[in-house]
Amino acid sequence: MRPWQLIALTVLVGALAIGVNWKPFWMLFYALLIALALSIAWLALSVRGLTFNRSALGGRAQVGERIEERLALENHSWMPKLWVQVVDGSTLPGHHAGYVSSVGPHQRIAWRARTVCRRRGRYTLGPVIATTGDPLGLFRRELTLAPEHQ
């Protein structure tokens, strides 16, 4: 369900509750209103406390050599992140440093990305963007965690 659909459904059920004045319509209206409010509040708190660290082993690489990175996503908040998608906008061919996971309160998730350099050239690593949202999947929010560098 998309956010506008939930809002339209809430307005429709609210209008029915006012027009018919039947208790189940009022209960459904309040439940939809609470779900909408909690989703918006969760979204506002979902990106707070996220930090990202990247450490590349070695500065330059030649064709045929391997670049290895250690990546870590930390949640410094008391609130768990039920899902976080980390996307690396790297231009290096064959470089896949993305990750999808849930991150508990005060938890650190670490992973490695290994890439064999196949072509000559100057490439960028990053920017790293995290996408997260509310538990109902209505709203999404993006946060740039790390800028690009060569």
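Look above for the structure.
What counts as what
- Residues numbered from 1 in each chain as written.
- Predicted model: local features only at pLDDT ≥ 70, side-chain atom pairs only at ≥ 80, totals over all residues.
- Heavy atoms only, no water.
- Core = buried A, V, L, I, M, F, W, Y, C linked by side-chain atoms within 4.5 Å.
- Buried < 20%, exposed > 50% of the residue type's maximum accessible area, 1.4 Å probe, protein only.
- Helix = DSSP H or I, 4+ residues; strand = E, 2+ residues; numbered from the N terminus.
- Contact = heavy atoms within 4.5 Å.
- Pairing = 2+ DSSP bridges.
- Axes fitted to C-alpha atoms, helices over the stretch in contact; angles between N-to-C directions.
- Parallel < 35°, antiparallel > 145°, perpendicular 65-115°, else oblique.
- Left-handed = near helix turned anticlockwise from the far one by under 90°.
- Nonpolar A, V, L, I, M, F, W, Y, C, P; charged D, E, K, R; others polar.

Trainee: Describe in detail the nonpolar core, supporting the description with residues and values.
Mentor: In terms of nonpolar packing, the biggest core is built from 15 residues, with F52, L73, V84, V86, W111 and L145 touching the most fellow members. Secondary structure elements with two or more residues in this core: β1 (50-57), β2 (66-75), β3 (81-88), β5 (108-116), β6 (128-133) and β7 (140-146). Beyond its immediate chain neighbours, meaning those up to four positions away, L145 contacts L50, F52, L73, V128 and A130. Residues F29, L36, L43 and L138 belong to the second largest nonpolar core, which totals eight residues.

Trainee: Quick one: what's the story with the sheet that holds strand β4 (residues 99-103), residue by residue and with numbers?
Mentor: Read from one edge of the open sheet, four strands run β4-β3-β6-β7, paired in antiparallel fashion. Each end of this open sheet is capped by a strand with a single partner; those strands are β4 and β7. Ignoring strand direction, the axes of neighbouring strands in this sheet form an average angle of 25 degrees. Direction of pairing for β3 relative to β4: antiparallel, over a ladder of four bridges. Across the sheet, the residue bridging to V84 is S101, located in β4. Contacting β3, β6 and β7, helix α2 (residues 23-46) runs over the sheet at an angle of about 155 degrees to β6.

Trainee: Please provide a residue-by-residue account of the packing of helix α1 (residues 3-20) against α2, values included.
Mentor: Relative orientation of the contacting elements α1 and α2 amounts to 150 degrees, with a least axis distance of 8 Å. With respect to each other, α1 and α2 are oriented roughly antiparallel. Of the two elements, α1 crosses α2, and the hand of that crossing is left-handed. Where α1 approaches α2, its residues L6, I7, L9, T10, V13, G14, L16, A17, I18 and V20 are matched on the opposing element by F25, W26, L28, F29, L32, L33 and L36. Residues of the contact of α1 with α2, tallied by class, amount to 15 nonpolar, two polar and no charged.

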